[in-house]
Structures are given as structure tokens and as C-alpha cells.
Amino acid sequence: MLRRTLFPLLNIMKVFFDVDETLVHTERGAYCSHAKELPNCLDYFTVERPCAKRLISFARENFGAENVFLLSIGTKDYISGLNEMLGWKFDPENIFAREDLEKHTRVFPTEYGGQHHEVDPHIYASTSNVLIDNLPCRDNSVKINFIGIHSTCDTNYLTVRDYYGLVDEGCDEEFFNYVKDFLKFKKGVESKINLRLHHKS
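Please read these numbers as outputs of a predicted model, since none were measured by experiment.

Attention now moves to the sheet that holds strand β10 (residues 157-159). Judged by pairing direction, the sheet is parallel, and its five strands sit side by side in the order β6-β5-β1-β9-β10 without closing on themselves. Only two strands of the sheet have a single partner each, and these edge strands are β6 (95-96) and β10. Bridge count between strand β9 (residues 130-133) and β10: three bridges; the pairing is parallel. Note on β10: the bridge partner recorded for aspartate 133 is threonine 159. In the packing of helix α2 (residues 52-63) onto the sheet, the strands contacted are β1 (15-17) and β5 (68-71), and the crossing angle to β1 comes to about 170°.

Written out as C-alpha cells, the structure reads:
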């Protein structure tokens, strides 16, 4: 009974990973010997960042698999195909792709034939969510508004180095630790907030 009463009050953080140039690099043609051909994508090949599975596993271990997501401007078929081919094991409801972002985006005409876009937050939107992406925060407003971190992106958005398919164990380990330390810090913040909420209840 106590757990059921407290659950709605808890600050449940959700972790969102971008895909292209964050977890993988994809391009047309077999551009290197370790690239894998994508199913149902004619002549497109991808290379997984070596530590991608470790990062996903680390996030799941610390936040729960149900709170770890893929968030990409790639198509649903493309991201789902990557998920299956690379063995990431995301459930369909934990994959948000271009189609999902478009459903939440309203387009308004402006003067001189321009357009203004407004993004409606997803039901999972929260200021406590985090996004790990290769794009700088200023260029990612659609995703930021979709997951609800427009007011907290200074602390809840991690910009990472672009991945272009090169295998460098030293750089990969450095990247893994960079993201891991960020997630560990956010986990500590989440725990402190939930402890305060617990005492207030």
C-alpha cells in the first residue's frame, strides 16, 4: 500500500539515446570491412559504436529497461531494423522515430510563405528526462520539446562526439566513461529528489 501511494510522486527519470552518429554510423555503400548491410535498406551499411551495447545495458541497470528509449529523426523502419540487427532488444514502445515526432509537431504558416513549428510534449515528457545526442542543444528543439526538457536542457542534455564508424578502443572507452559518469550523476540527483519526496509524504 505504501509503495502504491508513493509511486505517483516519484521522480522517474527516462533516458533517451539518439541513434545516428551517437550509437551508430550509417551510409550508402560498404565503406569499411566491419560495416553491416541493413535489412530492407538497399545498399546502406552501418557500424555500431563499440560501446553502444554497454551504454544501453548500463542505462537499463540503473534506470530500468522500461525507462530507456531510442529517440531518432530516422524512420521507424530504419530504427527498428537497426534495433533487431544489432540486438539492442528495445521493445517497440521504447522506440521513438521520425513518424512519432511528426505526429506531435504542428505546422503554422507565417508571412512570406514561411512555416512555424510547435511540438506538443509526449505523455512521457518531464523536466527530469535526459537526452544523449551528437547534435548541440540549440539544433535539437524538436526532440527537446518532445521529451519535455526545454527548461532543463542545460543540465539534462549531453552532447557527445560524432561517431563516424572508426574503431578506436581508447577513444571508445573514454566516450563510454563520459556518458556513464553523466548518467551516474543524474542517477544520484534522481535518488536525492525521490528521498525528499518520500520524506514529505
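Next comes the rest of the account.
Reading across the sheet, the three strands line up as β2-β4-β3 and stay open at both edges, with antiparallel pairing between neighbours. Here the strands that pair on one side only, and so sit at the sheet edges, are β2 (24-28) and β3 (36-37). Bridge analysis of β3 against strand β4 (residues 44-48) gives two bridges, and the strand direction is antiparallel. What sits directly across from lysine 36, in β4, is threonine 46. Packing against the sheet, helix α3 (residues 76-86) makes contact with β2, β3 and β4, and its axis sits at approximately 115° to β2.

Turning next to the side chain of glutamate 21. Looking at where glutamate 21 falls in the secondary structure, it is placed in the loop between β1 and β2. For the buried glutamate 21, which has no salt bridge, the nearest side chain bearing the opposite charge is arginine 49, at an N-O separation of 8.3 Å. Within polar-contact distance, the side chain of glutamate 21 engages the side chain of histidine 25 at 2.5 Å. Glutamate 21 has contacts with Thr26, Arg49, Asn134, Arg161, Asp162, Tyr163 and Tyr164, leaving out every residue within four places of it along the chain.

Over its twelve residues, α2 extends 16 Å from the first C-alpha to the last, a length consistent with the 16 Å expected when each residue adds 1.5 Å. Directly beyond the C-terminal end of α2, a positive phi value near 90° is found at glycine 64.

One pass over the full model with this rule turns up seven salt bridges. Across the pair arginine 54 and glutamate 173 runs a salt bridge, and its minimum N-O distance is 3.0 Å. Of the two residues, arginine 54 is situated in helix α2 and glutamate 173 in helix α7 (residues 169-200); the sequence distance between them amounts to 119 residues. Look at glutamate 173 and you get partly exposed, because its relative accessible area is 33%.

Next up on the list: the packing of aromatic side chains. Per the stated rule, a full pass over the model turns up six aromatic pairs. Note on phenylalanine 16 and phenylalanine 69: the rings are 4.9 Å apart at their centroids and 15° apart in plane angle, and the pair reads as stacked. Here the residue phenylalanine 16 occupies a position in strand β1, and phenylalanine 69 occupies one in strand β5, the gap between them amounting to 53 residues. We classify phenylalanine 69 as buried; its relative accessible area is 1%. The residue whose ring lies beneath arginine 49 is phenylalanine 175, and the NZ or CZ to ring-centre distance is 3.6 Å. Across the ring face of phenylalanine 176, the terminal group of arginine 54 is positioned such that the distance to the ring centre comes to 3.8 Å.

Another point: the pairing of strand β8 (residues 115-119). Strand direction decides the pairing type here: strand β7 (residues 105-109) and β8, joined by five bridges, are antiparallel. Considered in β8, the bridge of valine 107 is made with histidine 117. Where β7 hands over to β8, the hairpin turn is made up of five residues, of which tyrosine 112 adopts a positive phi near 65°.

Formed by 33 residues in total, the largest nonpolar core has its most connected members in Phe17, Leu70, Trp88, Ile132 and Leu183. Of all the secondary structure elements, the ones that give two or more residues to this core are β1, α2, β5, α3, β9 and α7. The element that contributes the greatest number of residues to this core is α2, accounting for six residues. Excluding its chain neighbours within four sequence positions, the residues that come into contact with phenylalanine 17 are Leu23, Leu55, Ile56, Ala59, Val68, Phe69, Leu70, Leu71, Ile132 and Leu183. Listed in part, the 13 residues of the second largest apolar core include Leu101, Val119, Leu131 and Phe146.

Scoring rules and cut-offs
Residues numbered from 1 in each chain as written. Predicted model: local features only at pLDDT ≥ 70, side-chain atom pairs only at ≥ 80, totals over all residues. Heavy atoms only, no water. Pairing = 2+ DSSP bridges. Helix = DSSP H or I, 4+ residues; strand = E, 2+ residues; numbered from the N terminus. Contact = heavy atoms within 4.5 Å. Axes fitted to C-alpha atoms, helices over the stretch in contact; angles between N-to-C directions. Buried < 20%, exposed > 50% of the residue type's maximum accessible area, 1.4 Å probe, protein only. Lys, Arg positive; Asp, Glu negative; His and termini not counted. Salt bridge = Lys/Arg side-chain N within 4 Å of Asp/Glu carboxyl O. Polar contact = N/O pair within 3.5 Å; in protein donor to acceptor, adjacent residues only side chain to side chain. Expected span 1.5 Å × (residues − 1). Phe/Tyr/Trp six-rings, centres within 6.5 Å; stacked < 30°, edge-to-face > 60°. Lys NZ or Arg CZ within 6 Å of the ring centre and 35° of its normal. Core = buried A, V, L, I, M, F, W, Y, C linked by side-chain atoms within 4.5 Å.

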